[in-house]
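Understanding the architecture of this molecule
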Amino acid sequence: MKKLIAILSISLFVFSCGETETKEKDSKNNSKEVKETAPDYIQIGMDVTNTAQSTLLKHVGQAMKMGGPNAAIQYCNINALSITDSLSEANHVKISRVTEKNRNEKNVLAQEDLSIWEYYKTGAINVQMPDTLVDFNGKKVFYRPIYIANPTCLNCHGQQGTDIMDVTVAKLDELYPNDKARDYNMGELRGMWKLEFEK
Ligand code: HEC
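Note that this is a predicted model, so its numbers are computed, not measured. (Residues numbered from 1 in each chain as written. Predicted model: local features only at pLDDT ≥ 70, side-chain atom pairs only at ≥ 80, totals over all residues. Heavy atoms only, no water.)

With that settled, consider the site of the ligand. Every one of the 24 residues lining the ligand counts as a neighbour, but Cys153, Cys156, His157, Tyr176 and Arg190 are closest to it. In the model, an oxygen atom of the ligand is placed 2.8 Å from a nitrogen or oxygen of the Asn104 side chain. Within the side chain of His157, an N or O atom sits 2.9 Å from a nitrogen atom of the ligand. Residue assignment for the shell around the ligand shows that the elements contributing at least two residues are α2 (41-72), β5 (139-147) and α5 (151-157). The biggest single contributor to the shell around the ligand is α2, with five residues. In terms of residue class, the shell around the ligand is made up of 13 nonpolar, seven polar and four charged. (Near = heavy atom within 4 Å. Polar contact = N/O pair within 3.5 Å; in protein donor to acceptor, adjacent residues only side chain to side chain. Helix = DSSP H or I, 4+ residues; strand = E, 2+ residues; numbered from the N terminus. Nonpolar A, V, L, I, M, F, W, Y, C, P; charged D, E, K, R; others polar.)

Encoded structure:
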């Protein structure tokens with residue numbers, strides 16, 4: 001509970017920094033009022049993760065329909081999505097997904113992610129934990145938990161032998177020899193979106 005309060009107060013702190021600052025320029029040079037607004041990191045975070053997530057789901061869903069899980073596996077890499085680059089560029093943000101039981105080696109939790117991850121893990125099954133904005137010495141990071149919220153996820157992250165077809169197990173073994181992202185059940189915490197804003 002203490003941790004929750006600490007995190008919430010960090011978010012509130014950042015929220016309160018998002019106020020609009022109004023600066024009036026010298027009236028002699030005839031310029032109008034200039035407004036400087038700090039980015040709304042939480043809104044951007046929600047928009048970017050919504051877009052990334054729905055694009056990912058769309059591609060995976062289509063590929064699953066056409067060719068089953070083995071055909072869809074290649075669309076699961078967020079960095080391989082064309083939308084990621086444009087979202088990153090437009091919002092000056094680095095987008096990734098991180099988790100404790102990672103499939104791709106690159107998606108492992110960093111030291112700085114641990115406290116938020118531990119906090120998300122305290123959530124009960126089927127309860128969506130809140131998005132969180134953290135300020136790491138001036139670097140803003142937005143986190144959003146990712147759940148096994150859809151039965152489709154189980155085709156590639158569920159129980160081996162029942163949910164994941166043997167041919168898919170073989171493909172995953174081939175592509176991800178150190179895969180830890182199996183044997184999940186519906187509603188479980190799978191990972192989190194991590195958006196690192198440029199300072
Ligand atoms: C067609 C198989 C497939 C389906 C369906 C699928 N995934 Fe994945 N998932 C993968 C693969 C493959 C990776 C590794 C992608 C990469 O190399 O970055 C992955 C990676 C992830 C990651 C990044 C962390 C990690 O383990 O590397 C998360 C989070 C994730 N999946 C969540 C989900 C959720 C939630 C669903 C359901 C909405 C889902 N996946 C459906 C195959 C799948």
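You will see that the iron atom of the ligand has only one donor from the protein, His157 (NE2), lying 2.1 Å away. Its location among the elements puts His157 in helix α5. (Donors = N, O, S within 2.8 Å, 3.2 Å for Na, K, Ca; no water.)

Paired through backbone hydrogen bonds, the strands of a sheet run either parallel or antiparallel to each other. Read from one edge of the open sheet, four strands run β3-β6-β5-β4, paired in antiparallel fashion. Looking at which strands have only one partner, the edges of the open sheet turn out to be β3 (93-98) and β4 (132-136). The average angle at which neighbouring strand axes cross in this sheet is 25 degrees, direction not considered. Two elements, β3 and strand β6 (residues 189-197), share six bridges in a ladder whose sense is antiparallel. Across the sheet, residue Ser96 finds its bridge partner in β6, namely Lys194. Helix-sheet contacts for α2 involve β3, β4, β5 and β6, and the interaxial angle to β6 is about 125 degrees. (Pairing = 2+ DSSP bridges. Axes fitted to C-alpha atoms, helices over the stretch in contact; angles between N-to-C directions. Contact = heavy atoms within 4.5 Å.)

In this section: helix α4 (residues 114-121). Among the residues making up α4, those that are buried are Ile116, Trp117, Tyr119 and Tyr120. The buried side chains of α4 occupy one side of the element, clustering within an arc of 160 degrees when seen end-on. (Buried < 20%, exposed > 50% of the residue type's maximum accessible area, 1.4 Å probe, protein only. Arc of directions from axis to C-beta.)

As enumerated under the stated definition, the model contains two aromatic pairs in all. Centre to centre, the rings of Tyr41 and Phe197 are 4.7 Å apart; their planes meet at 70 degrees, and the pair counts as edge-to-face. Of this pair, Tyr41 sits in helix α2 while Phe197 sits in strand β6, placing them 156 residues apart in sequence. In this pair, the class of Tyr41 matches that of Phe197, namely buried. Sitting over the face of the ring of Trp193, Arg97 holds its NZ or CZ atom 5.9 Å from the ring centroid. The aromatic ring of Tyr184 is capped on one face by Lys101, whose charged end is 4.4 Å from the ring centroid. (Phe/Tyr/Trp six-rings, centres within 6.5 Å; stacked < 30°, edge-to-face > 60°. Lys NZ or Arg CZ within 6 Å of the ring centre and 35° of its normal.)

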